[in-house]
Amino acid sequence: MMTCHALLLLGMTPHLFDSHLHTPLCNHAVGHPREYAQAALDRGLAGVTFTDHIPMPEWFDAPWRMRRDQLGEYVQMVREAQQEFGGRLEVRLGLEADFHPGTERYVAEILAEYPWDYVIGSVHYIGAWGFDNPEFVSEYERRDLGALYRHYYALIEGAARSNLFDSIGHLDLPKKFGHLDQGGMSALHALDVIAMQGLSLDFNTAGWRKPVREAYPAPDLVRAAAARGIPFVLGSDAHAPAEVGYHFADAVKQIHDVGGTVVTYAGRERVGG
Ligand SMILES: [Zn+2]
Ligand SMILES: [Zn+2]
């Protein structure tokens, strides 16, 4: 009988879910949910949770997400995949929601519309600046990095306190293009709030495909989160079927090495861990 770790060393991923997947409805991903599900099966995953970008008020970041009138189509697509893969792969319905102060009520309305399994809360904007958009990367040169991270983590704390989300998405996202946090105190404070609020962290392997070449969160933050009892939800943040389950064996090793736990969500309740 092979242990879980032995299977991982062979590149297999028993019992794992990929809980951060997009669909073409967000206008910057490719592949039908059926193709993502098939990719998950091929990689030996137990399940997937689709978490496409939530609709937001029309003035917010409209080109990068589904319109509100497409939400039903999104739910329908995921349910079709659920039926098609029934008995072979568990398919769950989620969202990657944005935390942007002032939009909480709008987000709450969307979250009340369907029975979601899992909702990630992500910060992609500091003020009007989409700081993870490669088009606007030169803005970093005009910013004080310390102030930027303090501002960012204050937003993360707002997300954690909003009671809207199950987990925090890609915790240290401003490092995406290599602008690393030199201090780290505001990140640790945010982790205290995340732990207090009983949230999980999206262990987001997409960072390994970005210029920073490091998953979100950074190893030090993974250790600090595990020490606070914060569980991790594995996610590839796939915007194409080939990215499903990306580097999951490395992710699980990193989490287990610091005594962390891996969980999933169903019906907005934590499963496992
Ligand atoms: Zn996206
Ligand atoms: Zn995101």
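Just above, that's the structure.
Residues numbered from 1 in each chain as written. Chains lettered and ligands numbered in written order. Predicted model: local features only at pLDDT ≥ 70, side-chain atom pairs only at ≥ 80, totals over all residues.

> Looking at this model, I keep getting lost on unusual backbone geometry. Mind explaining?
The omega angle of the peptide bond from Tyr216 to Pro217 is -5°, so this bond is cis rather than trans. For Pro217, the location among the structural elements is in the loop between strand S8 (200–204) and helix H7 (219–227). Residue Asn163 is not a glycine yet carries a positive backbone phi of 60°. Tracing the chain through its elements places Asn163 in the loop between helix H5 (145–161) and strand S7 (167–168). Phi is positive for Arg213, which is not a glycine, with a value near 55°. Along the polypeptide, Arg213 turns up in the loop between S8 and H7. (Helix = DSSP H or I, 4+ residues; strand = E, 2+ residues; numbered from the N terminus.)

> Looking at this structure, how should I read the environment of Glu96?
Checked against the element boundaries, Glu96 lands in strand S3 (residues 90–98). Note on Glu96: 27 C-beta atoms within 10 Å, which makes it buried. (Buried ≥ 20, exposed ≤ 12 C-beta atoms within 10 Å, placed from the backbone.)

> So what exactly am I meant to see when it comes to helix H3 (residues 71–84) here?
Each turn of an α-helix holds 3.6 residues, which means side chains three or four residues apart point in the same direction. For H3, spanning 14 residues, the distance from its first C-alpha to its last is 20 Å, which sits close to the expected 20 Å at 1.5 Å a residue. Those residues of H3 lying buried are Tyr74, Met77, Val78 and Ala81. All buried residues of H3 project into a common sector of 90° when viewed along the axis, lining one side. Turned more than 90 degrees from where H3 packs its buried face, Gly72, Gln76 and Gln83 sit exposed. In this structure, the buried residues of H3 make contact with helix H2 (33–42), strand S2 (47–53) and S3. (Expected span 1.5 Å × (residues − 1). Arc of directions from axis to C-beta. Contact = placed C-beta atoms within 7 Å.)

> Explain the packing of H5 against helix H6 (residues 185–196) here, please?
When two helices pack together, you describe them by how their axes are tilted relative to each other and by the distance separating the axes. Orientation of H5 relative to H6, taken along the N-to-C sense of each, is 0°, at an axis distance of 9 Å. On the basis of their axis angle, the class for H5 and H6 is roughly parallel. Touching Tyr149, Arg150, Tyr153, Ile156, Glu157, Ala160 and Arg161 of H5 are Ser186, Ala187, His189, Ala190, Val193 and Ile194, all from H6. In the contact of H5 with H6, the residues fall into eight nonpolar, two polar and three charged. (Axes fitted to C-alpha atoms, helices over the stretch in contact; angles between N-to-C directions. Parallel < 35°, antiparallel > 145°, perpendicular 65-115°, else oblique. Nonpolar A, V, L, I, M, F, W, Y, C, P; charged D, E, K, R; others polar.)

> I'm lost on the nonpolar core in this one. Help?
Nonpolar side chains in soluble globular proteins tend to be buried together. Among the nonpolar cores identified, the biggest contains 64 residues, and Val48, Ile168 and Leu234 are the most heavily contacted of them. It is H5 that contributes the most residues to this core, six residues altogether. Contacts of Leu234, omitting those with residues within four sequence positions, involve Leu16, Phe17, Asp18, Ser19, Phe203, Phe248, Ala251 and Val262. (Core = buried A, V, L, I, M, F, W, Y, C linked by C-beta atoms within 7 Å.)

> What's the story with the packing of H2 against H3 in this structure? I'm lost.
Interhelical geometry of H2 versus H3 gives an angle of 40° and a closest axis separation of 9 Å. Between H2 and H3, the angle is such that the two are oblique. For the element pair H2 and H3, the recorded crossing hand is right-handed. Between H2 and H3, the residues in contact are Pro33, Arg34 and Ala37 and Met77, Val78, Ala81 and Glu84, respectively. (Left-handed = near helix turned anticlockwise from the far one by under 90°.)

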